[in-house]
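Reading the structure
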Amino acid sequence: MFPHNPAALVAAIAAKPFAPVLMAMLLPIALVAILFHLLPNLTRRDIFFAVTVVPAFRQSAEARDIVRGFRAAVWIQSVVAVAVVFAAFILGRPLLALIGVFGQEAGVIFAFLRARKRTMPHAASPSVHREAALVPRPAGGIGFALLQIGPFAILAASAIYIRLIWYRIPARFPIHWDLYGNPNGWSTRSFMGIYGFWLIGVGICAFMEIFAYGILHWTRQIRATGADAQNEAHFRRVQFGVLIALEYFFALVFNGIPFTALSPHPNQAPNVVPFLLGTFAFIGVLVAILVHTGQGGANLSRAGSESDIAEAARPVGDRTPDQCWRAGMFYVNPQDPAILVEKRFGIGYTLNFGRPAAWLLIAFIIALSVVPIVLAVLTAHGR
Amino acid sequence: MKKTPIVRLDTSSQAPAYEQIAAEIRALLVAGELLPGAPLPTVRQLALDLNVHHNTVAQAYRILAGEGWLDLRRGRGARVVSRSKPARANPRAGRTFRSQLKRLLAKAVAEGVAPKLIARQLTLHAQYVRTWGLRKGD
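Each value, and the rule that gives it
Residues numbered from 1 in each chain as written. Chains lettered and ligands numbered in written order. Predicted model: local features only at pLDDT ≥ 70, side-chain atom pairs only at ≥ 80, totals over all residues. Heavy atoms only, no water. Helix = DSSP H or I, 4+ residues; strand = E, 2+ residues; numbered from the N terminus. Buried < 20%, exposed > 50% of the residue type's maximum accessible area, 1.4 Å probe, protein only. Contact = heavy atoms within 4.5 Å. Areas by Shrake-Rupley, 256 points an atom, 1.4 Å probe, with all protein chains shown as cover. Buried area = accessible area lost by both parts, 1.4 Å probe. Salt bridge = Lys/Arg side-chain N within 4 Å of Asp/Glu carboxyl O. Nonpolar A, V, L, I, M, F, W, Y, C, P; charged D, E, K, R; others polar. Pairing = 2+ DSSP bridges. Core = buried A, V, L, I, M, F, W, Y, C linked by side-chain atoms within 4.5 Å. Domains from an automatic or database assignment. Polar contact = N/O pair within 3.5 Å; in protein donor to acceptor, adjacent residues only side chain to side chain. Expected span 1.5 Å × (residues − 1). Arc of directions from axis to C-beta.

1. Details of the overall build of chain B
Along the backbone of chain B there are five helices and three strands. For chain B, the N- to C-terminal ordering of α and β elements is β-α-α-α-β-β-α-α. Out of the 138 residues in chain B, the part that is buried amounts to 26%. Taking all contacts inside chain B whose residues are at least 6 apart in sequence as the whole, residues at least 24 apart take part in 50%. Of the accessible surface of chain B, which amounts to about 9,400 Å², a share of 57% is contributed by carbon and sulfur atoms.

Listed below in structure tokens is the structure:
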């Protein structure tokens, strides 16, 4: 039984073996709430809830009211999600906590769609002028290339090391534990059992590598001149850096999983609290960096930021037509040569689903999710 | 700080996009804002930035290469080359210029542009054109 006093209740929950899992659910809820509270301030000045508007619209009473409504919905959903997660753990049905987590995601998307619908009557025709700098885009240089090699070097080094200590690995070892720390999933000392995770790590890093390359080479430079153009180039480099940082993170995580077999007490669940705290601190830093830049560098210094296109009455936007955005989240435009375009829901880039190359990338992601299942089946048969 | 050469496209214009792009780049080449040896963005990069099909940019580059402004080599991209002034002016080019200018002036007047403004712009451009000649060593 759990005590009724809130402080004692928190202490009692923290002492439970499932406390790290509870924490792993509450921290993303907090992160999502903060990120989406800030979302309206992170977009380009002439994009408001995925709709192209004149920059002055942001300051209007209607726009402020839309933002207020959106933020209220985000926080209500987040509080409900926290309550559901706690209730699920108190009732001893931790899987129900997922309803809270996914409910928050669904609620935030619904709030976004509602805000977008309210903004649509204020949509403005974008500028009929387009501009481009007549200089080749910088390739990135040797520093960028070395940074990109790093995760693969880490994975290669660990693969060689594991091969060298192959016979020190137990023939069967646990790889999954239940909420109370009892092992409930095992792997074997086989190629798939050991290198399966490693291969998934290589696949994830390869995908992120392609995406990072795409950000540097396959994205549109929306503004060609002035501080906006510089901010945009800076934003692209930051996005590249964030992806490479995540690539290092995944390389280290998938690299480390086979080493759990070498633990002196292999049946004992590893202490995941430091890992979880480290992961959330890392993600928090990345999110803070993205919030600092804003979409397309919109939050960076704006000194002399006006483009050469002197057409203040008509917004430049992100040079994608509003009508090609499905629900403000999915861009489908076969006429646009861009494979990657700036997101209108969140920060960063998304795929142009009207391009066949985008579907190839999606097929690659699906393959990445199927590989672990196939590997698990193969490992089970090899036991 | 050196000014970045910019190409602009008006999507509401009747002129085809490849002609607009070629005209914009030609103006930069004639004004000396793009000097011999300068590399241009790849066809795909410029098409991406201007949100047009890559054939549109390729066509514009081919026009300029045909006029002797650009060197197009597969795998090396487009590069500005040193172009000497034609030994003899094409007489048809002179006639076309005069008739186009006349039509343009008539349109501007018909749309209410002040003759004073037109005259001032023509004087400014005449001065500007003379500097192009000087740059080319005329």
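After that view of the structure, there is still more to cover.
2. Quick notes on the interface of chain A and chain B
Between chain A and chain B, the residue contacts involve 24 residues of the former and 24 residues of the latter. Note on chain A versus chain B: buried area summed over both sides is about 2,100 Å², and carbon and sulfur give 58% of it. Per-residue buried area on chain A facing chain B is highest for Arg130(A), Ala132(A) and Leu134(A); these three make up 39% of the total on that side. In this structure, the connection of chain A to chain B is made through two salt bridges. Between Arg8(B) and Glu131(A) there is a salt bridge; the shortest N-O distance is 3.9 Å. Ranked by residue count, the leading element in the side of chain A that touches chain B is strand 3 (residues 129–133) of chain A, at five residues. Residue composition of the side of chain A that touches chain B, by class: 10 nonpolar, seven polar and seven charged. Inspection of the sheet shows strand 3 of chain A paired to strand 1 (residues 6–10) of chain B by five bridges, in the antiparallel sense.

3. Some points on the nonpolar core
In this structure, Phe211(A) and Leu351(A) are the most contacted members of the largest nonpolar core, which totals 28 residues. For this core, the secondary structure elements donating two or more residues are helix 6 (191–217), helix 7 (226–256), helix 8 (273–293), strand 9 (349–351) and helix 9 (356–382) of chain A. Among the elements that line this core, the one with the most residues is helix 6 of chain A, at eight residues. Once residues within four sequence positions are removed from consideration, Leu351(A) is found in contact with Phe211(A), Tyr331(A), Ile339(A), Leu340(A), Ala358(A), Leu361(A) and Ile362(A). Listed in part, the 24 residues of the second largest apolar core include Leu29(B), Leu40(B), Leu64(B) and Trp69(B).

4. Observations regarding the side chain of Glu342(A)
Structurally, Glu342(A) can be placed in strand 8 (residues 340–342). Those residues in contact with Glu342(A), other than ones at most four positions away along the chain, are Arg44(A), Ile222(A), Glu232(A), Gln295(A), Gly296(A), Asp318(A), Trp325(A), Gly348(A) and Tyr349(A).

5. So, the domain arrangement of chain A
Residue and element names in this part refer to chain A. Domain parsing of chain A yields domain 1 (6–122) and domain 2 (141–380). For domain 1 versus domain 2, the distance between C-alpha centres works out to 23 Å. If you look at the interface, domain 1 gives 30 residues, while domain 2 gives 37 residues. In total, domain 1 and domain 2 occlude about 2,900 Å² of area from one another, counting both sides; carbon and sulfur atoms represent 69% of this. Joining domain 1 to domain 2, the criterion identifies three salt bridges. Taken together, domain 1 and domain 2 are joined by 10 residue pairs in polar contact (both at pLDDT 80 or more). Of all the elements in the fold, those that place two or more residues in the side of domain 1 that touches domain 2 are helix 2 (19–38), strand 2 (51–52) and helix 4 (97–119). In terms of residue count, helix 2 provides more of the side of domain 1 that touches domain 2 than any other element does, 10 residues in total. Classifying every residue of the side of domain 1 that touches domain 2 gives 23 nonpolar, three polar and four charged.

6. Considerations on the pattern of salt bridges
All chains considered together, the criterion is met by 15 salt bridges over all chains. Between Asp65(A) and Arg68(A) there is a salt bridge; the shortest N-O distance is 3.7 Å. Here Asp65(A) pairs with Arg68(A), and both are found in helix 3 (residues 61–90), just three residues apart, close to one helical turn. According to the relative accessible area criterion, Asp65(A) is partly exposed, its value standing at 33%. Across the pair Glu111(B) and Lys107(B) runs a salt bridge, and its minimum N-O distance is 3.4 Å. Using a relative accessible area of 58% as the deciding quantity, one classes Glu111(B) as exposed. Residues joined in a network through salt bridges with shared partners are Arg44(A), Glu232(A), Arg236(A) and Glu342(A).

7. Here we look at helix 8 of chain A
Residues and elements named next belong to chain A. The end-to-end C-alpha distance of helix 8 is 30 Å, a good match for the 30 Å that 21 residues give at a rise of 1.5 Å each. Those residues of helix 8 that fall on the buried side of the exposure criterion are Leu276, Thr279, Phe280, Leu286, Val287, Leu290 and Thr293. Seen from one end, helix 8 has its buried residues packed into an arc of 145°, which puts them on one side. With respect to the buried face of helix 8, the exposed residues turned more than 90 degrees away are Pro274 and His292. Buried residues belonging to helix 8 abut helix 2 and helix 7.

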